[in-house]
Amino acid sequence: MTNIYTPYLAKIKKIIKETHDVKTFQLELVNPESKKKFNYQPGQFAEFSVFGVGESTFCLASTPTRPEVLECSVKKAGKVTSAIHELWEGDTVGIRGPYGNNFPVKQLKGKNLVFVGGGIGLAPLRSLINFVLDNRGDYGNICLVYGARTPGDLVYKKELEDWDKTPDFATHITVDKSAGNWKGTVGFVPVILGEVAPGAENAVAITCGPPIMIKFVVKELSELGFKAADIITTLEMKMKCGLGKCGRCNIGKVYVCKDGPVF
Amino acid sequence: MKVLTLSKKNATPFFEALKSFGKTYGPVEKGEKAYSFQPVESFSQLALDYKRTILPLKKFFYKPCQPVFHFNKDSGYQPAEEDLEEKIVLFGVHPCDINALNILDLVNSGPYVDNYYFVKRQNNLIIGISCMPDELCFCRSMSTDFAETGFDLFLSDIGDSYVVRVGTGIGDDMVNAVPDLFSPIDEESSRAYKDSSNERSAMFQRYIELSDLPEIMDLEFHSELWEKLGERCLACGSCSMICPTCNCYNIIDKLNLDQKTGERIRQWDSCLFKDFAEVSGGHNFRSKRASRVQQRYLHKQQGFVEQYGRPSCVGCGRCTMVCPAKIDIVEILHTIRGERNHRRRKSDRRR
């Protein structure tokens, strides 16, 4: 009997401390068979199990173009995420998925891409950004506006530096509140987005972050001339099953887990 | 569909013959004027004139607490040891409850098939029975007062005998196990069936107009009605627990005392519970009771319609029966529609 609730076993290969409360976990599926079955696209998510504690939903922050590892970035916030933060390299966890729809990587071909992220919301965008970088010829210019509360809350710092040095890739990093020796931009993401003013011509915007940020980013984008159809967002909602059954993430006719998370 | 008659005199031997098909359950009286599907040994134990059982049939296939696997820190995941293949016969199921299972089948199928539900479903046999509506039933409005599929046999009471519809091959096997007990349908039985059907039609007291209800719910999305309803509702979740189509669940891990082994459980849940849409970190997408009650109505009467083409409500009346705040779904839907008189109108008898 196939059991839709059974996770694959995965080993933690490496843990990267991103910020004081975010860690990125590099995972490798234990069974080669499950490795073959676990085919994902940027934007999809997985259910991450810790023995005896429970299961939580995380987007896959890695790209399928780099199949060596699966990566999830986890912000310590509740019971399961706290337990995940206590894991060590070499520990075994459970992974179920991939679930949900994905970024329309085919339709995005030839377009300029504007990424707007806030906090840990950069994780799903990172999957697509690295996917695009690995298929560089297929896509136009990239513009990234990324912000966090403080400089200490910025994730993927090393990658942000690398991206900044990449040709045809404009990065604009900002923080809500300066701290330490921060010499960069200070200001809310939607405001900085307005200042950067990326062109809407032949462009698609992809945004992820706190709901309130998304709200103002969408407003700003439409003022910049982006049509609703050219704005993609990926949503978070309470999820338990990831299968369109448990009812947690239902909004109207939509189940975020099954019909999203990309909208 | 093959149609026969079964004289009530033959009901007992027929019931005995069913025992070879599986463990038999049927409605029995439990407490005062309350009924429950329980294991039944003889036909005389059955309370076939029951109106509704406390819990619907989901308790058999969609158990309140269903282990989905065991885990062991050292060896990983093992399936839950449980006999999902046990054959059971449910005797005396009303059309609304049969239709509710058809709805749960929709939810549990699709690209991800929940086999903890389906293996059990495939190993059950259903013998339906006709019923007369009481003051809470509005199944006719929901088109669930009649079961077209979802049963192996369906018995319609026509006085001294039952008209028997054979719904499946196994239903036919049940008949063929004791063929002498059944007779072909005759003119008199046919007439009695129609009389009974007409009598039943006249008995429905409650009615909901379903046409364009999803659209009206959109128009009334910001109505103050939801706030008022939120003030009345106690968020106890009783309506979800006893609803034959409510299927939302939680998934929890139970760790054994050895701190190494345990099981993961799929457990009944309710969208009315405060933490239903609360995410890690404390943000709650539906922190207000009003928004949770609204979600329950929207999901069942609007979202489900868009998704599966019909509401996830069968008009069984259980939620109205158990609500401690006396919230009545029929009344609420009439208020949303802006109707004053929600008693049955003559012209509404059959949509």
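Provided above is the structure to which this section pertains.
Residues numbered from 1 in each chain as written. Chains lettered and ligands numbered in written order. Predicted model: local features only at pLDDT ≥ 70, side-chain atom pairs only at ≥ 80, totals over all residues. Heavy atoms only, no water.

> Which residues make up the overall build of chain B, and what are the values?
For chain B, the count of helices and strands is twelve helices and twelve strands. For 351 residues, the compact-globule estimate of 2.2 N^0.38 gives 20 Å, and the C-alpha radius of gyration of chain B, at 22 Å, lies within 12% of that figure. When the backbone C-alpha atoms are referred to their principal axes, chain B occupies close to 65 × 60 × 40 Å. Put simply, chain B has 351 residues, and 57% of those count as buried. When contacts within chain B are restricted to residue pairs at least 6 apart in sequence, long-range pairs at least 24 apart make up 74% of them. Of the roughly 15,800 Å² of accessible surface on chain B, a fraction of 50% belongs to carbon and sulfur atoms. Separation of charge centres in chain B, based on 47 positive and 48 negative side chains, amounts to 4 Å. (Helix = DSSP H or I, 4+ residues; strand = E, 2+ residues; numbered from the N terminus. Rg over C-alpha atoms; globule rule 2.2 N^0.38 Å. Buried < 20%, exposed > 50% of the residue type's maximum accessible area, 1.4 Å probe, protein only. Contact = heavy atoms within 4.5 Å. Areas by Shrake-Rupley, 256 points an atom, 1.4 Å probe, with all protein chains shown as cover. Lys, Arg positive; Asp, Glu negative; His and termini not counted. Charge placed at Lys NZ, Arg CZ, Asp CG, Glu CD.)

> For the interface of chain B and chain A, give the residues involved together with the corresponding values.
In this assembly, 41 residues from chain B lie in contact with 40 residues from chain A. The contact between chain B and chain A buries some 3,500 Å² in all, and 56% of this surface belongs to carbon and sulfur atoms. Sorting the residues of chain B by area buried against chain A places Tyr77(B), Tyr112(B) and Tyr249(B) first, and these three jointly supply 20% of that buried surface. In this structure, the connection of chain B to chain A is made through three salt bridges. Measuring nitrogen to oxygen at the nearest pair gives 2.0 Å for the salt bridge that ties Arg248(A) to Asp269(B). Connecting chain B to chain A are 23 residue pairs in polar contact (both at pLDDT 80 or more). Looking at the side of chain B that touches chain A, the elements that each hand over two or more residues are strand S4 (65-72), strand S5 (76-79), helix H3 (95-108), helix H4 (115-122), strand S11 (249-255), strand S12 (261-268) and helix H10 (289-308) of chain B. Residue classes in the side of chain B that touches chain A are distributed as 18 nonpolar, 13 polar and ten charged. (Buried area = accessible area lost by both parts, 1.4 Å probe. Salt bridge = Lys/Arg side-chain N within 4 Å of Asp/Glu carboxyl O. Polar contact = N/O pair within 3.5 Å; in protein donor to acceptor, adjacent residues only side chain to side chain. Nonpolar A, V, L, I, M, F, W, Y, C, P; charged D, E, K, R; others polar.)

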